[in-house]
Amino acid sequence: MRMPAPDAATIANKAGIVRALRKIVPGEGVIADDSALVPYESDGLSAYRQTPLAVVLPETVEQVSAVLAWCQAHGVKVVPRGAGTSLSGGALPLTDGIILGMAKFNRIVEVDYENRCAVVQPGVTNLAISAAVQADGFYYAPDPSSQIACTIGGNVAENSGGVHCLKYGLTTNNLLGCEIVLMDGEVVRLGGRGFDAAGYDLLGLVTGSEGLLAVVTEVTVRLLPTPQTARALLLGFPSVEAAGATVGDIIAAGIIPAGLEMMDKPAIAAAEAFIGAGYPLEAEALLIVELDGPEAECAELAGHVKALAQARGADFIRVSRDEAERLAFWAGRKAAFPAVGRISPDYYCMDGTIPRAQLPHVLGRIYEMARDYGLGVANVFHAGDGNLHPLILYDADNDGELERAEAFGADILKLCVAVGGVLTGEHGVGVEKRDLMGEMFDETDLACQQRVKCAFDPDGLLNPGKVFPVLHRCAELGRVHVHRGKVAFPEIPRF
Amino acid sequence: MLDVAPRLLTPTTPDEVLEAVAEAAAKRRRIEVVGGGTKRGVGRVDRPEVTLSLAGLDAVLDYAPEELVLTARPGARLKDIEKLVASEGQMLPFEPPRLAKLLGAKGEPTLGGVLAANLSGPRRVRAGAARDHLLGFAAVSGRGEVFKAGGKVVKNVTGYDLSKLMAGSWGTLAVLTEVTIKVLPKPKTEATLLIFGLEDRRAVQAMARALNAPVEVSAAAHLPLAVAGRAPLNAEMAVTALRLEGFEASIAARLDMLAQALRDFGRVDLLDGGLSRAFWGQIREVEAFHKDPRPLWRVSVPPASGWRIGEALAGEVIYDWGGGLVWALSEDAGAVRAAAHAASGHAQLWRGAAGVAAFEPLTGALAALTGRVKAAFDPEGILNPGRLGV
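Residues numbered from 1 in each chain as written. Chains lettered and ligands numbered in written order. Predicted model: local features only at pLDDT ≥ 70, side-chain atom pairs only at ≥ 80, totals over all residues.

## Remarks on the overall build of chain A
Then, number 1: Scanning chain A for helices and strands turns up 18 helices and 18 strands.
Then, number 2: Relative to its length of 495 residues, chain A is compact, with a C-alpha radius of gyration of 23 Å against a globular reference of 23 Å.
Then, number 3: With the C-alpha coordinates of chain A rotated into their principal frame, the extents come out at 70 × 55 × 50 Å.
Then, number 4: In chain A, which comprises 495 residues, the proportion classed as buried is 58%.
Then, number 5: Considering only contacts within chain A whose residues lie at least 6 apart along the sequence, 72% involve residues at least 24 apart. (Helix = DSSP H or I, 4+ residues; strand = E, 2+ residues; numbered from the N terminus. Rg over C-alpha atoms; globule rule 2.2 N^0.38 Å. Buried ≥ 20, exposed ≤ 12 C-beta atoms within 10 Å, placed from the backbone. Contact = placed C-beta atoms within 7 Å.)

Structure below.
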C-alpha cells in the first residue's frame with residue numbers, strides 16, 4: 001500500500017516539532033520516543049504499519065485547537081485516532097505526521113433523558129455509553145463488534161454500524177450533534193439536542209468522513225429505551241439460496257428484525273469448533289434472527305419467522321427460551337472473527353454490501369475465486385442489509401500470501417460493485433479500499449468529494465492518503481472543470 | 001436590471017438538466033430550481049433569471065421491495081411514489097408531509113422536493129428524517145458537472161455521505177436528477193392514545209414519558225386548547241396524542257404498557273386505526289393553521305424545551321415530535337426568533353411576510369464553513385441564490 005511521499009524536512013525537524021507541541025500539551029501528553037510509539041504503528045488493519053513522527057494526547061478542546069492550528073501553520077500532517085480499532089486503516093500513521101490521540105477525552109458530560117440524549121467526549125467507548133444509562137432503561141443502539149474498545153469519536157468518523165443497524169440505523173442515524181475542530185483550529189458546533197439543525201446537514205457530512213474533515217471533540221448521541229425483551233432464532237438451511245430466500249420472506253412479511261445474520265458452512269464450522277454454541281455443522285447456511293420489543297410481539301413474530309423458515313426447508317430450528325440461551329445463540333456469531341483466527345494464522349476481513357437477491361450468485365463466485373487463489377474463505381453476513389463480511393484465510397509467513405489475499409479481497413469488492421452494491425458497508429474506505437474507489441466513482445464524483453475536503457481542510461493536512469486514490473491540490477480542483485470524468489489529471493501522483 | 005419573468009426550462013432527461021445548468025453556469029445566470037412548486041413560498045430566490053422545473057423528470061427507475069430501496073427521478077410525485085410502495089405493503093418511513101394546502105399552493109409535491117427540504121412527518125421521532133432515508137443520488141452541480149454519491153443499497157459508507165448534505169439544502173448545492181431512498185414495510189395497524197386537558201409544559205413531560213417507555217411510540221403531538229378547539233378537531237380540551245404502530249397483538253400489549261406509564265397524567269382515551277390515521281394526517285399537514293392568515297413559523301428545538309415557545313409567544317402553537325417541532329402563528333418575528341434561541345433552537349418562516357429572512361442567517365465559523373461548502377458545489381452562486389441565506 002503506497003502512502004503519500006513523506007516530507008523529509010518535516011522528519012528532519014522532529015525535535016523542533018515536538019518541542020513546539022509540548023508547549024501546547026505539557027507533561028506526558030506528547031510521545032516522541034520510538035519505543036513508546038510502537039503501540040501506535042497500526043490500527044485494526046494490522047497488515048499495515050508505520051511509525052508516526054510523534055503522538056499528541058490533548059486533554060482539552062483548547063489544546064486540540066492549538067495543536068491543529070500550529071500544525072496547519074507549519075504544514076505538519078495530522079492523523080486523528082480514537083481506540084485504533086479501524087478495520088480499514090483509518091488511523092494508520094504517517095511517518096511525517098503526528099497522531100492526535102483523543103483517548104483522554106473520556107468523560108460522559110451529561111445524560112439528558114428529557115431529550116433522550118447523552119453528551120459525551122469522543123474517547124468514551126461505545127459500550128460505556130450504554131453501560132452508563134442501562135440502569136435507567138436506556139441504551140445507545142449502534143453496536144459495532146468492537147464496541148467494548150472502540151470510541152464514539154471513532155464511530156462518528158467511520159459511521160460505524162453493527163448487527164442491529166437494519167432496525168436501528170448506523171451511527172449517522174443516532175446522532176443529534178457534535179463539536180468539531182477544523183484544521184485551522186476553529187471550533188464549530190453542529191446540531192444540538194433538537195431534531196433539525198439550521199443550515200446544511202454538516203453533522204451528516206462529518207459523520208463517516210474518516211477523520212479527513214475535522215476532529216470531533218464532543219458528541220451528542222440519541223438514547224433509546226431498552227426493549228422489554230429480545231428473542232433469537234437459530235435456523236439451519238440445506239442451501240444458501242433457501243436461507244437467502246427466507247430473509248426476503250421475513251422482510252416481505254413486514255418484519256424488520258433487530259438482528260438478521262447469516263453464516264456460511266466454513267464460518268459455522270469455525271465458530272462451532274471455537275465456542276460450541278450448538279450450531280448445526282451439516283447446515284450450508286445458518287440464520288440468526290433476533291426480534292425485540294414487548295414479550296407478546298416477540299412471541300408472535302418468532303412464530304411467523306419459524307413458519308417462514310420451515311416453508312423454505314429449514315431443517316434446524318431453535319427459538320431462545322431465555323436470555324441465557326439468546327446470548328448463547330449469538331456467542332458463535334460474535335466470536336466468528338477470533339474463531340477464524342484460530343483456524344488460520346491470519347485472516348483478512350472484507351466489508352462489501354450487495355443487493356440481497358445477489359447473495360447466492362456472489363457467494364458462489366467467492367467460492368470459485370477462493371479455489372483460484374488457493375485460499376480459504378468463511379463468510380459472515382449482515383443478511384438483513386446485505387452487508388457481506390468474507391474472511392479470507394491466509395498465512396503472512398508464506399511468501400506472497402498476503403498479496404494474494406489482498407488481490408482476492410479486491411476482486412470480491414469489485415464483484416460487489418458490479419452486482420449493484422458498494423465497496424464498504426460499515427468499515428470505511430481508509431487505505432484499504434482507497435485504490436478501489438474508481439470502481440464506484442468516476443473522476444467527477446471524486447472531485448466533488450475532494451472539494452468538500454477543501455472546504456474543511458484546504459491544505460490537505462488532516463489524514464491525507466486515506467479514502468481518495470489521487471491527491472489533488474485544492475487550487476487545481478477549484479479551477480479544473482471535469483466533464484463526465486473525461487478530463488484526467490495525468491500530472492498528479494496516484495497511489 | 002430589467003424586471004422580467006424568468007425563462008422557464010422544462011427538461012425531461014438528466015442530459016437536458018445538465019445542458020440547462022451548464023449554460024446558466026457559463027453565463028452566470030441565476031436559477032430557481034422547482035419540483036412541484038408547492039414550497040416556492042418558503043424562502044425567496046434572489047432575482048432568478050431561469051426557472052428550472054424538474055416536474056418532467058418523473059420516472060420511477062427501479063423499485064425492489066425485497067431490497068427495501070426505490071430509485072426515481074426527483075420530479076416523481078410524492079403521491080405516486082407512496083401509492084406504488086403501498087401496493088407492496090411498504091411506506092416512506094419518514095412520513096413526508098405535503099404542506100401544499102398549508103402554503104396555499106397548487107400542484108403536487110415531488111419526491112425531490114421533499115428530500116431537498118428534508119421534510120419529515122410525525123414519525124420523525126421514531127424512524128428518522130428524510131435525510132436518513134436518502135441513500136444515494138445523481139445530480140448536476142452549480143459547476144455544470146454531473147456527479148453521484150452514495151449507493152443503491154441500505155448500508156453504505158463509501159466516500160463522504162453527500163446525501164446528507166443534499167437533503168435539506170433546498171436546491172442550493174446541486175440539481176438532483178436521480179434519488180435512491182430506503183423504504184420499509186408499512187405497519188399492519190395503528191392506534192393512538194389521547195390525554196386531555198394538559199398544559200403545554202405538562203404535555204411535553206407526558207410525551208417524554210411516553211417516548212422514554214419501551215413501547216416504540218411512533219408519534220407524539222400536543223394541541224393546546226386554542227388549537228384543539230379549532231377545526232378540524234373542534235375539541236373542548238387540549239389534546240395530547242401518542243401513536244403506536246405495528247402488529248395487532250403487539251399494539252394491544254404496548255397500549256397497556258403506555259397507559260400504565262402515563263397514569264399520572266389523567267384519563268386516557270383511544271383512537272383506533274382509521275381515526276388514528278386521520279388524526280395524524282391532520283397533524284402532519286398542520287391542518288389547524290390552514291386558514292389562518294398570520295405568519296407561520298416552524299420552530300425546531302430540543303423536545304423538552306418545546307413548551308417554552310408556546311409560553312413565550314402566548315399564541316397558537318402545535319407541538320409535534322414530542323415538543324421538538326413547534327408550528328407557531330405569530331406576527332412578531334423578533335419574539336419568535338428570540339424564543340427559539342432561548343430554547344437552543346431556530347425558527348423558519350414558512351408562510352406570510354414578517355419582514356425577516358425565512359431562513360435565519362448563520363453566524364461565525366459555522367457561517368464561514370457553510371459558505372465554503374456552498375462554493376465547493378456552486379462557486380458562482382447560481383443555484384437558488386439567497387434561498388437558504390447562502
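## Some thoughts on the interface of chain B and chain A
Then, number 1: In this complex, chain B contributes 70 residues to the contact, which on the side of chain A involves 76 residues.
Then, number 2: Breaking the side of chain B that touches chain A down by element, the ones donating at least two residues are strand E8 (146–150), helix H5 (162–166), strand E10 (184–185), helix H6 (200–211), helix H8 (248–261) and helix H12 (364–377) of chain B.
Then, number 3: Here the side of chain B that touches chain A gets seven residues from one element, more than from any other, and that element is H12 of chain B.
Then, number 4: Of the residues assigned to the side of chain B that touches chain A, the class counts are 35 nonpolar, 18 polar and 17 charged. (Nonpolar A, V, L, I, M, F, W, Y, C, P; charged D, E, K, R; others polar.)

## Remarks on the nonpolar core
Then, number 1: Core analysis: the biggest nonpolar cluster contains 288 residues, and Leu 286 and Ile 392 of chain A have the highest contact counts within it.
Then, number 2: Structurally, this core is a two-domain feature, drawing no fewer than three residues from each of domain 1 (1–185) and domain 2 (189–288) of chain B.
Then, number 3: Those residues in contact with Leu 286 of chain A that sit more than four places away from it in its chain are Leu 234, Leu 235, Gly 236, Met 262, Met 263, Ile 268, Tyr 279 and Pro 280 of chain A. (Core = buried A, V, L, I, M, F, W, Y, C linked by C-beta atoms within 7 Å. Domains from an automatic or database assignment.)

## Concerning the sheet that holds strand E8 (residues 175–181) of chain A
Residue and element names in this part refer to chain A.
Then, number 1: Read from one edge to the other, the open sheet built from five strands follows the order E5-E6-E10-E8-E9, with strand pairing classed as antiparallel. Each end of this open sheet is capped by a strand with a single partner; those strands are strand E5 (108–112) and strand E9 (187–191). Adjacent strand axes in the sheet meet at a mean angle of 10°, parallel and antiparallel pairs treated alike.
Then, number 2: Pairing analysis gives five bridges linking E8 to E9, with the strands arranged antiparallel. What sits directly across from Ile 180, in E9, is Val 188. (Pairing = 2+ DSSP bridges. Axes fitted to C-alpha atoms, helices over the stretch in contact; angles between N-to-C directions.)

## Re the environment of Arg 387 of chain B
Residue and element names in this part refer to chain B.
Then, number 1: With respect to the helices, strands and loops of the structure, Arg 387 is situated in the segment after H12.
Then, number 2: Taking the C-alpha atoms as reference points, Arg 387 and Arg 202, 185 residues apart in sequence, are found 37 Å from one another.
Then, number 3: Apart from residues lying up to four places away in sequence, Arg 387 is in contact with Gly 43, Arg 44, Val 45, Trp 170 and Thr 172.

## Observations concerning the packing of helix H10 (residues 265–275) of chain A against helix H13 (residues 336–343) of chain A
Residues and elements named next belong to chain A.
Then, number 1: Packing of H10 against H13 brings their axes to within 8 Å, and their N-to-C directions diverge by 90°. When the axis of H10 is compared with that of H13, the two are roughly perpendicular. Contacts between H10 and H13 involve Ala 267, Ala 270, Ala 271, Ala 273, Phe 274 and Ile 275 from the former and Ala 336, Pro 338, Ala 339, Val 340, Arg 342 and Ile 343 from the latter.
Then, number 2: Here the contact of H10 with H13 is built from residues that sort into 11 nonpolar, no polar and one charged. (Parallel < 35°, antiparallel > 145°, perpendicular 65-115°, else oblique.)

## Structural notes on the domain arrangement of chain B
Residues and elements named next belong to chain B.
Then, number 1: Its domain assignment divides chain B into domain 1 (1–185) and domain 2 (189–288).
Then, number 2: A C-alpha centroid distance of 32 Å is found between domain 1 and domain 2.
Then, number 3: Taken together, the contacts link 11 residues of domain 1 with 13 residues of domain 2.
Then, number 4: When grouped by side-chain class, the residues that make up the side of domain 1 that touches domain 2 number five nonpolar, one polar and five charged.

## Here we look at the pairing of strand E18 (residues 346–351) of chain B
All names here are of chain B.
Then, number 1: Burial runs high along E18: six of the six residues are buried.
Then, number 2: Direction of pairing for strand E15 (residues 296–300) relative to E18: antiparallel, over a ladder of five bridges. Counted as the bridge partner of Leu 296 is Arg 351 from E18.

## Side note on helix H9 (residues 240–252) of chain A
Because each turn of an α-helix spans 3.6 residues, side chains separated by three or four positions in sequence point in the same direction.
Then, number 1: With 13 residues, H9 of chain A should reach 18 Å at 1.5 Å per residue; the first-to-last C-alpha distance of 18 Å fits that figure.
Then, number 2: All of the buried residues in H9 of chain A are Val 240, Ala 242, Ala 243, Gly 244, Ala 245, Thr 246, Val 247, Ile 250 and Ile 251 of chain A.
Then, number 3: Contacts from the buried residues of H9 of chain A go to strand E12 (229–237), strand E13 (259–264), strand E14 (285–293), helix H11 (295–311) and helix H14 (359–373) of chain A together with E10 of chain B.
Then, number 4: The first or second residue beyond H9 of chain A is Gly 254 of chain A, which carries a positive phi of 85°. (Expected span 1.5 Å × (residues − 1).)

## Overview of the pairing of strand E18 (residues 387–394) of chain A
All names here are of chain A.
Then, number 1: In terms of burial, E18 is a largely internal element, eight of the eight residues being buried.
Then, number 2: The alternating pattern of E18 places Asn 387, His 389, Leu 391 and Leu 393 and Leu 388, Pro 390, Ile 392 and Tyr 394 on opposite faces, both of which are buried.
Then, number 3: Across four bridges, strand E16 (residues 346–349) lies against E18 in antiparallel orientation. Bridging from a neighbouring strand, Tyr 347 pairs with Leu 393 of E18.
Then, number 4: The pairing of strand E17 (residues 376–382) with E18 spans seven bridges and is classified as antiparallel. Residue pairing for E18: Val 377 is matched across the bridge by Ile 392.
Then, number 5: In this structure, the hairpin formed by E17 and E18 is closed by a connection of four residues, where Gly 386 is found at a positive phi of approximately 75°.

## Observations regarding the sheet that holds strand E2 (residues 54–56) of chain A
Residues and elements named next belong to chain A.
Then, number 1: Taken together, the four strands give an open sheet; going across it, the order is E1-E2-E4-E3, and neighbouring strands pair in mixed fashion. The two strands at the open ends of the sheet, each matched to only one other strand, are strand E1 (30–31) and strand E3 (77–81).
Then, number 2: Both E1 and E2 contribute to a ladder of two bridges, which runs antiparallel. In the strand pairing of E2, Ile 31 is matched with Val 55.
Then, number 3: Against the sheet, helix H2 (residues 14–24) touches E1 and E2, its axis set at about 10° to E2.

## Points about the confidence of the model for chain A
Then, number 1: Model confidence for chain A is summarised by a mean pLDDT of 94, while 97% of its residues fall at 70 or above.
Then, number 2: For residues 482–490 of chain A, every residue scores under 50 in pLDDT, and the model assigns this stretch 16 contacts once sequence neighbours within four places are set aside. (pLDDT = per-residue confidence, 0-100.)

## Points about the packing of H2 of chain A against helix H4 (residues 61–74) of chain A
Residues and elements named next belong to chain A.
Then, number 1: With their axes 9 Å apart at the nearest point, H2 and H4 run at an angle of 155° to one another. The pairing of H2 with H4 is recorded here as roughly antiparallel in orientation. By crossing handedness, the relation of H2 to H4 is classed as right-handed. Along its contact with H2, which presents Ala 20, Leu 21 and Ile 24, the element H4 presents Gln 63, Ala 66, Val 67 and Trp 70. (Left-handed = near helix turned anticlockwise from the far one by under 90°.)

## Topic: the confidence of the model for chain B
Then, number 1: Averaged over all residues, the pLDDT of chain B is 95; the fraction at 70 or higher stands at 99%.
Then, number 2: Here the complex is predicted with pTM 0.96, and the ipTM for its interfaces comes to 0.97.

## Considerations on unusual backbone geometry
Then, number 1: With an omega of 5°, the peptide bond running from Ala 231 of chain B to Pro 232 of chain B counts as cis.
Then, number 2: Even without glycine at this site, Asn 463 of chain A takes up a positive phi of about 50°.
Then, number 3: Within the fold, Asn 463 of chain A resides in the loop between helix H17 (443–456) and helix H18 (474–479).
Then, number 4: On the basis of neighbour count, Asn 463 of chain A is assigned to the buried category, with 29 C-beta atoms found within 10 Å.

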